[in-house]
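Survey of secondary and tertiary structure
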Amino acid sequence: MKLYIGVDLGTSAVKLLLMDEQGEIKNVVSKEYPLEFPQPGWSQQAPEDWIKALMEGIPELLEGFDGASVAGIGCGGQMHGLVILDEEDHVIRPAILWNDGRTAKQVDYLNNDITKEKLSALTANIAFAGFTAPKVLWVKENEPENFKRIHKWLDVKDYLISRMTGRFTMTRDSAFGTLLYDIRKGHENWSKTICKLLGVNPAHLPEIVNSTDKVGGLTAKAASELGLKEGTAVFGGGGDASLIGVGAGSVELYAVGLIDAGHIGAVDGIHRPVGQDHPGTGGRGIHILFGGILAFVGFPAVESKFPDGIPAVLRDKEPPASQQGRHLPDAGDHRVFRPPHGKPP
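Per-chain numbering applies: the sequence of each chain, read as written, is numbered from 1 onward. A pLDDT threshold of at least 70 governs which residues receive local features in this predicted model, and a stricter bar of 80 or more applies before side-chain atom pairs are shown or counted, although totals over entire chains, interfaces and linings include all residues. Values shown for side chains rest on all heavy atoms present in the structure; no hydrogens or waters enter the calculation.

Attention now goes to the overall build of the protein. Helix and strand assignments come from DSSP, with helices taken as H or I runs of at least 4 residues and strands as E runs of at least 2, each series counted from the N terminus. Check the secondary structure of the protein and you find 11 helices and 18 strands. In the protein, 63% of the contacts between residues at least 6 apart in sequence involve partners at least 24 apart. Split by element, the accessible area of the protein, about 15300 Å² in all, is 51% carbon and sulfur. For this analysis, residues touch if any pair of their heavy atoms sits within 4.5 Å. With residues, only the protein chains shown are counted as cover, and all accessible areas are computed by Shrake-Rupley using a 1.4 Å probe.

Moving on: the sheet that holds strand 1 (residues 3-9). Only strands that DSSP links by at least two bridges are regarded as paired with each other. If you walk across this open sheet you meet the 6 strands as 3-2-1-5-14-13, and the pairing is mixed. Looking at which strands have only one partner, the edges of the open sheet turn out to be strand 3 (25-32) and strand 13 (214-217). On average, adjacent strands in this sheet sit at an angle of 20 degrees to one another, irrespective of strand direction. The sheet contact formed by strand 2 (residues 13-20) and strand 3 spans 7 bridges and is antiparallel. Residue pairing for strand 3: methionine 19 is matched across the bridge by isoleucine 25. Every axis in this analysis is a line fitted to C-alpha atoms, fitted for helices over the stretch in contact. Angles between the N-to-C directions lie between 0 and 180 degrees. Against the sheet, helix 1 (residues 47-61) makes contact with strand 1, strand 2 and strand 3, and its axis sits at roughly 150 degrees relative to strand 3, the strand it touches most.

Examined against the element boundaries, threonine 11 turns out to sit in the loop between strand 1 and strand 2. The term polar contact refers here to a pair of N or O atoms within 3.5 Å; inside protein, the definition further demands a hydrogen-donor-capable atom paired with an acceptor-capable atom, and it admits residues adjacent in sequence only when both atoms are side-chain atoms. A polar contact is formed between the side chain of threonine 11 and the side chain of tryptophan 98, at a distance of 2.8 Å. Once residues lying within four places of it in the same chain are set aside, the contact partners of threonine 11 are Tyr33, Leu35, Gln45, Gln78, Leu97, Trp98 and Asn99.

Okay, the environment of aspartate 182 next. Here aspartate 182 lies in strand 10 (residues 181-182). Each C-alpha atom, one on aspartate 182 and one on threonine 193, is 9.0 Å from the other, the two residues being 11 residues apart in sequence. Beyond its immediate stretch of four places on either side in the chain, aspartate 182 contacts Leu122, His187, Glu188, Asn189, Trp190 and Ser191. Side-chain polar atoms of aspartate 182 contact the side chain of arginine 184, separated by 2.7 Å.

Here it is in structure tokens:
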């Protein structure tokens, strides 16, 4: 019987799940780690704490099971984190997390000097404090010596994958959340224009992979520490916001799911990739999975635009003119409903 491990690297703990080929859950383990708040509004973590939690958690997860039966590992977790590595792949400074608010100056520069229009045209988004690009600028301006040492930078789950496989990759949904990903059709890769504007060396950016790609296999060292076979497959996975949509069943073109995630709610749906003249996005952003776009919009933002309620919006084929969404290229009769850019609620 083949077994599979799911890794959810959250903000306060890593959650580990063992399941069989039929999707039956065999075991669940959670390992907590600390958060650092060195100044008001700052939020960071030591990446080594994630690794320690993983190395302790997976052997515990496998108690009573044969590690040689594990056929694959999938990783998900918090998004928009900045993990920077030097030439020897050592972590340079604590990871700056998604909920860190130190980048107000950098966000203002991105949205007003580079302009929202240029950012939106290239990346289908605008700058928010949680995104990765403002954090890179913050390090460049406030820790120039650390910035000079950067050889690679990764998102949170992708750092975990690099420690397991020795490969430096990032899934497309995470790349989108950096504000450096060119989403235009035919350009789907790191934006040379944005990199040049921010002084980011594209050679320091990881290879972009799909969520379903096999990134690599466990190294001998990682396999020994985890109690697994060398070469065990590790897959790209995705960010938590993206994978929530998969869990809600948004895995086919135009599928739509309603999600209550506790602190936020969302309307999720997969639509065709946008083209050269895409209309941009709003609300909480979009995430790229399975060759489509997983639209992710917070409930409060949607409700403010659609007073009749979300179910009515999803049900009505022809809503009032004030509530009509815009067609994506080649989207046929399927409409996309989303509010314009604005501050998250």
